[in-house]
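Residue-level structure breakdown
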Amino acid sequence: MQNGQKGLVKSLAASLVGGSFFAGLSIAVSIAMLAKVMPTLVSPFGLLISGSGDAYWQMLIWISFAIAAIGLAIVPFVLVKKVTDGEMVKHEFAKGAKILWVIVALNMFLAVATIFISLFSMGIEGMSEKAAGALQKQYWLGTFVPVLVAALVNGVGAFFLGAIASGKMKLMNTFKVASICVAGVAVALMVVASLVTLHPKQSSGSGSSDYNLDMILRGMGY
């Protein structure tokens, strides 16, 4: 029975941590996509994305973040009512909170680093004004703003997990509802961002959706 509870609590904690992580990642990516710049984020998917030569495969990876967020957000609605071991919840949720705080710290480090990189890149000799503007846009809308948003989402998740670990078990239901709401926002933003990227408004100066996506993946913007 105890082993069964341990597995349930671990799964519950993992779903809440994973849900926060993927929701933050999905919202961050969507912001960059809507800004028409390449998302640059702290995640274990960076090498996978950069190593792919197929633009639509990269888009599929981005969309999978939102799917993972909503899928993991549903899990607590099934598991919470089955969990009865309060001490195990405190132990596993405390570990989950630490994981999310590490992710927040990584995102904040990248945000601060982006500020310095942006400042040092100003006035690069031989760079045109248009290229310099595109580079700054990449830094601020492809990295700085997205990672701050991701840090906020994961910070809220870490706060809830930490509070529940400290004994405020009543927050469990609040957190699971908040998780699925944030995941819903992540899915909605990803749908909008994907539609804007794949089906841009056509004008005399616009190209095909292939060109639109390729420009974003190259980090060139518009």
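Residues numbered from 1 in each chain as written. Predicted model: local features only at pLDDT ≥ 70, side-chain atom pairs only at ≥ 80, totals over all residues. Heavy atoms only, no water.

**Regarding the side chain of glutamine 5**
Inspection of the secondary structure assignment puts glutamine 5 in helix 1 (residues 2-34). With residues up to four places along the chain from it excluded, the contact list for glutamine 5 reads Lys82, Val83, Thr84 and Asp85. (Helix = DSSP H or I, 4+ residues; strand = E, 2+ residues; numbered from the N terminus. Contact = heavy atoms within 4.5 Å.)

**Comments concerning a nonpolar patch on the surface**
Among the surface-exposed residues, Leu34, Val192 and Val196 lie close enough to one another that they form a single nonpolar patch of about 200 Å² accessible area. In this structure, leucine 34 sits in helix 1. (Patch = residues over 30% accessible without salt bridge, like charges linked within 9 Å, V, L, I, M, F, W, Y side chains within 5 Å. Areas by Shrake-Rupley, 256 points an atom, 1.4 Å probe, with all protein chains shown as cover. Salt bridge = Lys/Arg side-chain N within 4 Å of Asp/Glu carboxyl O.)

**Notes on the packing of aromatic side chains**
In total, this model carries five aromatic pairs according to the counting rule given. Ring plane angle 40 degrees and centroid distance 6.3 Å describe the contact between phenylalanine 22 and phenylalanine 65, whose orientation is recorded as tilted. Here the residue phenylalanine 22 occupies a position in helix 1, and phenylalanine 65 occupies one in helix 3 (residues 55-79), the gap between them amounting to 43 residues. Each member of the aromatic cluster is reached from another via a ring pair, and the members are Phe21, Phe22 and Phe65. (Phe/Tyr/Trp six-rings, centres within 6.5 Å; stacked < 30°, edge-to-face > 60°.)

**What to know about the confidence of the model for the protein chain**
Counting all residues, the mean pLDDT for the protein chain is 84, and 81% of those residues have values of 70 or more. At the level of individual helices and strands, the protein chain shows its lowest average pLDDT in helix 2 (residues 46-50), which scores 46, and its highest in helix 6 (residues 171-198), which scores 94. Contacts of residues 44-52 to residues separated by more than four positions or lying in other chains number 13 contacts, the stretch itself having pLDDT below 50. Every residue in residues 203-208 is under pLDDT 50, and counting partners more than four places away or in other chains gives three contacts. (pLDDT = per-residue confidence, 0-100.)

**Comments concerning the packing of helix 4 (residues 86-121) against helix 5 (residues 129-165)**
Between helix 4 and helix 5, the least distance of the axes is 8 Å, while the angle of their chain directions is 160 degrees. Of the possible angle classes, the one that applies to helix 4 and helix 5 is roughly antiparallel. Read as a crossing pair, helix 4 and helix 5 show a hand that is left-handed. (Axes fitted to C-alpha atoms, helices over the stretch in contact; angles between N-to-C directions. Parallel < 35°, antiparallel > 145°, perpendicular 65-115°, else oblique. Left-handed = near helix turned anticlockwise from the far one by under 90°.)

**Focus: the pattern of salt bridges**
Side chains that differ in charge, positive against negative, can pair when their charged atoms come close. Under the definition given, this model contains three salt bridges. Linking glutamate 92 and lysine 10 is a salt bridge whose minimum nitrogen-to-oxygen distance equals 3.3 Å. Here lysine 10 lies in helix 1 and glutamate 92 lies in helix 4, a separation of 82 residues in the sequence. The buried category is assigned to glutamate 92, whose relative accessible area is 6%. (Buried < 20%, exposed > 50% of the residue type's maximum accessible area, 1.4 Å probe, protein only.)

**Observations concerning helix 6**
Here helix 6 is 28 residues long and its end C-alpha atoms lie 40 Å apart, about the 40 Å a rise of 1.5 Å per residue gives. Taken together, the buried positions of helix 6 are Met172, Phe175, Lys176, Ser179, Ala183, Ala186, Met190, Ala193, Ser194, Thr197 and Leu198. (Expected span 1.5 Å × (residues − 1).)

**Some thoughts on the packing of helix 5 against helix 6**
It is the contact of helix 5 with helix 6, at a shortest axis distance of 10 Å, that shows an interaxial angle of 165 degrees. Judged on the interaxial angle alone, helix 6 and helix 5 are roughly antiparallel. Crossing geometry of helix 5 relative to helix 6 is assigned as left-handed. Between helix 5, through Val153, Gly157, Phe160, Leu161, Ala163 and Ile164, and helix 6, the contact on the second element is made entirely by Leu171, Met172, Thr174, Phe175 and Val182. Its residues assigned to classes, the contact of helix 5 with helix 6 shows nine nonpolar, two polar and no charged. (Nonpolar A, V, L, I, M, F, W, Y, C, P; charged D, E, K, R; others polar.)

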